[in-house]
Structures are given as structure tokens and as C-alpha cells.
Amino acid sequence: MPRPIKATIHTAALRHNLERMRDAAPGARVWAIVKADAYGHGIERAFEGLRGADGFALLDLAEAQRVRDLDWRGPILLLEGVFEPRDLELCSRLNLWHAVHCDEQIDWLATHKTHQPHRVFLKLNSGMNRLGFAPERFRAAYARLQALPQVDEISLMTHFSDADGDKGIAVQWAVFQRAADGLPGERSVCNSAATLRHAQDAAVRGDWVRPGIAAYGSSPDFPAHDAAHWGLRPTMTLAAKVIAVSDLPAGASVGYGSTFTAEAPMRIGVVACGYADGYPRHAPTGTPVLVDGVRTRLLGRVSMDMIVVDLTTVPQAALGSEVTLWGTSANGAVLPIEDVAHAAGTVGYELMCALARRVPVSVAD
Ligand SMILES: *Cc1c(COP(=O)(O)O)cnc(C)c1O
């Protein structure tokens, strides 16, 4: 028997979450963000659930090729644009739209030979200070692109640093509006948090929204709001089984470093999941986990191949009991990935992306 751990990708949940994004941004087109191999879900596995999107956005040219290999004829957007001049040949061949965030990318376009002019998304740095043209240089970049025969339509984009937090989008949105004022072209500014929190405003919503994490069922602004608040369903379940049960006397400790010591006699279970499966090693005692669909907690340190859980509240648990590390259990109980991430001091994004290669993954409806 293979080691009892598996991940499941939920097609119906992907479809549902995408619909939620459409509800949140009525009239806007929706990019399915499938960078990082569809946030760890696997592009091919997530595709069926996401094919109702208006386009696929990602970073890696090999991933763009994989989306085309799935026979996707619609828009594909490279969110960081091209990394070197010859990438433009693949853009021409696969009809990829690409972000343009720096002068060098415009230089490369100017010398690119293509029969088919490219659609580009000109990126403004509105305050995140990662990619994009500074506001005072945005119009000059627009004018350069407009003058190129290699360029067809120019759309305008920016990315918010604080759409999920108290700071919000007001300052960056004002910077974008000023920089983009009067320039023709479609607009795209909203990530998941901005789509859910700010896209009621038609101007902010723009023409295209770019919700990543929300499509994968995780709340972008946890703990302010959880996934249930936003009507999102988990799209990835990581499940394993109890492989040993024992009774711990008071005073006995669990795991490396003996970081947990029982104050009273208790039942514990050993679970076939560890950090080599992508479970976060920094998850402390108390991190939530479901056993037979009942919420209980992690005890002691996470090891490479195992964790230990408290079975005190799950007396019926036995060898072979189902353990849900995140996602949906067989009885329908949900453990949101962001609850686990939060306990471990990280975000759901990182846990999804870190699902290890050794975990077998299947696709369910
Ligand atoms: C990853 C990414 C997104 C999606 O962000 P989420 O927080 O997952 O919604 C949107 N836009 C750009 C440019 C990105 O790189």
C-alpha cells in the first residue's frame, strides 16, 4: 500500500470561486491566475475548473506553452512580460499578451520581427516598488509603445500592495488614475483582495480583474475575513491517515525537542504527513487539523514524514482514521488553508505552492 497521504483538486470549487469573482466584479473580464503551476494545484489539473475564465495569466513561458497545449485559444498574459528578447518570438508564435514594465522591454520590442503586432499591458509602479514605470515616466513609455509597429493594443495595469489591509488602495488608486488619465486602453488593477473589497466601484473594477488566491478558495484578507465570509470554497484538500495511536501518560513529551508535554493522560495519533509533504515545519502545537472531520490540534514539532495530533476530543479515532490537513473532509467539514497558514506564521498561498512532489494528486468534481 502506498503511504496514506493524498491531495485532491476540486474542480467544482474552482468553478464556484470563479463565479464568485464574476459576482464581485460584474461586467469585468476575469483572468485565472495560474502562475506557480496554478498556485501549486497543477495547471493541467486546475484547467477544467478554470476554463470558464476569460484568460489565463502567468509568468513562465513554459507554463504559457502548457496552457496552449491544453488547446486554450483565448488570451494568455505574461504578468512580468518577457525576460529576454528572444522570448518575444514565443509571444508571437503562441499569441501571448505581455506586460511591459521597463524600457528594455520596449527596446526589445522595437527590434522584434513579427507579422502579428502584440497586445501589451503597460505596467505602472503606483507604490509597490517592484515592477512598473514610475508615474512621471508612464506617458513617455506609452508614447514609445504607441509608435511601434510591433504593438497593437495597449492596456494599462498596476498592482496594489495593501488591498488586503487597513492601508487599502486609495493612495495607489489615485496615482494610477492620475498617470492613466486620458490614455486610451483597457484597465486592470484588481488582485483578489481588491476584487472582493473594492470592485463594487466600476472604475476600480476596470476591464479585467486578476484574482489569484480567491479562485483557489482562500481568503485574501484573513483574519479580517475568512473564506466563508467571501463565499469561497477550498480547491485543494491535503489528507492523510492516522498510522499509530497511543496513550500518553502525564509528563510525557512528543516529538523532536520535546516541545509538547502532556499535563494529563491523553490519546494521541501519529499522522502520515510531514514537512517533506509540504506541511509547514513551523506549525506549532495548537495548529488546527481535522480527524474524521472533527477539529483538533497538532502536538509538538512537525517532522519530515509525520506529525502527532491530539485525539482527546476524537475518542472514536483509530488506525486509518482520515486526517484533513487542510481543505474538505469526507464528512464535509472544512479546514481553511489560511487557518493552518496563520498558525504557522505564513499565508495560504505559500502552503498551496509548497505541496510536495511526492504527494499523489487527484482531481475530483
Ligand atoms: C499573483 C498576481 C495576482 C493575483 O494575486 P492574488 O493576491 O493571488 O489575487 C494579480 N496580479 C499580479 C500582477 C500578480 O502577480
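Residues numbered from 1 in each chain as written. Predicted model: local features only at pLDDT ≥ 70, side-chain atom pairs only at ≥ 80, totals over all residues. Heavy atoms only, no water.

Helix and strand content of the protein: 13 helices and 19 strands. The C-alpha radius of gyration of the protein comes to 23 Å, within 12% of the 21 Å expected for a compact globule of 365 residues. With the C-alpha coordinates of the protein rotated into their principal frame, the extents come out at 75 × 40 × 35 Å. Within the protein, the proportion of its 365 residues that are buried is 54%. If you take every contact in the protein between residues at least 6 apart in sequence, the share linking residues at least 24 apart comes to 63%. Looking at the protein as shown, the accessible area adds up to about 15500 Å², and 52% of this sits on carbon and sulfur atoms. Averaging the positions of the 36 positive and the 40 negative side-chain charges in the protein gives two centres separated by 1 Å. (Helix = DSSP H or I, 4+ residues; strand = E, 2+ residues; numbered from the N terminus. Rg over C-alpha atoms; globule rule 2.2 N^0.38 Å. Buried < 20%, exposed > 50% of the residue type's maximum accessible area, 1.4 Å probe, protein only. Contact = heavy atoms within 4.5 Å. Areas by Shrake-Rupley, 256 points an atom, 1.4 Å probe, with all protein chains shown as cover. Lys, Arg positive; Asp, Glu negative; His and termini not counted. Charge placed at Lys NZ, Arg CZ, Asp CG, Glu CD.)

This paragraph deals with the site of the ligand. Around the ligand, a shell composed of K35, Y39, L79, K123, H159, N191, S192, R210, P211, G212, I213 and Y349 is seen. Within the side chain of S192, a nitrogen or oxygen atom sits 2.5 Å from an oxygen atom of the ligand. Within the side chain of R210, an N or O atom sits 2.9 Å from a nitrogen atom of the ligand. Burial of the ligand by the surrounding chains reaches 92%, relative to a free accessible area of 390 Å². Here the ligand occupies the largest pocket. (Near = heavy atom within 4 Å. Polar contact = N/O pair within 3.5 Å; in protein donor to acceptor, adjacent residues only side chain to side chain. 1 Å grid on protein atoms, 1.4 Å probe; cavity = no way out; pocket = protein on both sides within 12 Å on 5 of 7 lines; lining within 4 Å. Sits in = over half its atoms within 2 Å of the grid points.)

Glancing now at empty space enclosed by the protein. Scanning all chains against the criterion turns up two cavities of 30 Å³ or more. In this structure, the largest cavity occupies an estimated 70 Å³ of space. Considering the residues around the largest cavity, the lining is formed by 13 residues, among which Y216, G217, P234, M236 and I337 are closest to the centre. Here the lining of the largest cavity is composed, by residue class, of eight nonpolar, four polar and one charged. Each pocket or cavity is described by its volume, and for the second largest cavity that value is around 40 Å³. Residue lining of the second largest cavity: K123, L124, N125, S126, M128, R130, L131, T158 and H159, and that is the complete set. Partitioned by chemical class, the residues of the lining of the second largest cavity number three nonpolar, four polar and two charged. (Points joined across faces, edges and corners; volume = space filled by probe spheres on them. Nonpolar A, V, L, I, M, F, W, Y, C, P; charged D, E, K, R; others polar.)

Before going further, it helps to examine the sheet that holds strand β3 (residues 55-58). Here we have eight strands laid out as an open sheet, ordered β8-β7-β6-β5-β4-β3-β2-β9, and parallel in their pairing. For this open sheet the edge positions go to β8 (187-188) and β9 (208-209), each flanked by a neighbour on one side alone. Judged from the three bridges that link them, β3 and strand β4 (residues 76-78) form a sheet pairing that is parallel. Directly across from F56, in β4, lies its bridge partner I76. Sheet strands in contact with helix α8 (residues 170-180) are β6 (118-124), β7 (151-158) and β8, and its direction is about 155 degrees off that of β7. (Pairing = 2+ DSSP bridges. Axes fitted to C-alpha atoms, helices over the stretch in contact; angles between N-to-C directions.)

Moving on: α8. Q172, W173, V175, F176, A179 and A180 are the residues of α8 that are buried. Take α8 and look down its axis: the buried residues cluster within an arc of 160 degrees, on one side only. With respect to the buried face of α8, the exposed residues turned more than 90 degrees away are A170, V171 and R178. Elements that come into contact with the buried residues of α8 comprise β6, α7 (135-146), β7, β8 and α10 (202-205). G182 occupies a position one or two residues after α8 and carries a positive phi of about 85 degrees. (Arc of directions from axis to C-beta.)

Note on placement: Y256 falls in the loop between β11 (253-254) and β12 (260-261). A C-alpha to C-alpha distance of 7.6 Å links Y256 and S303, two positions 47 residues apart in sequence. Discounting residues that sit within four places of it in the chain, Y256 has contacts with R301 and S303.

Here the focus is the domain arrangement of the protein. For the protein, the domain assignment lists domain 1 (11-216) and domain 2 (236-364). Taking both partners together, domain 1 and domain 2 bury about 810 Å²; carbon and sulfur atoms supply 69% of that area. The largest contributions to the domain 1 side of the interface with domain 2 come from Y39, R45 and I213, which together make up 55% of the buried area. If you look at where domain 1 meets domain 2, you find zero salt bridges. (Domains from an automatic or database assignment. Buried area = accessible area lost by both parts, 1.4 Å probe. Salt bridge = Lys/Arg side-chain N within 4 Å of Asp/Glu carboxyl O.)

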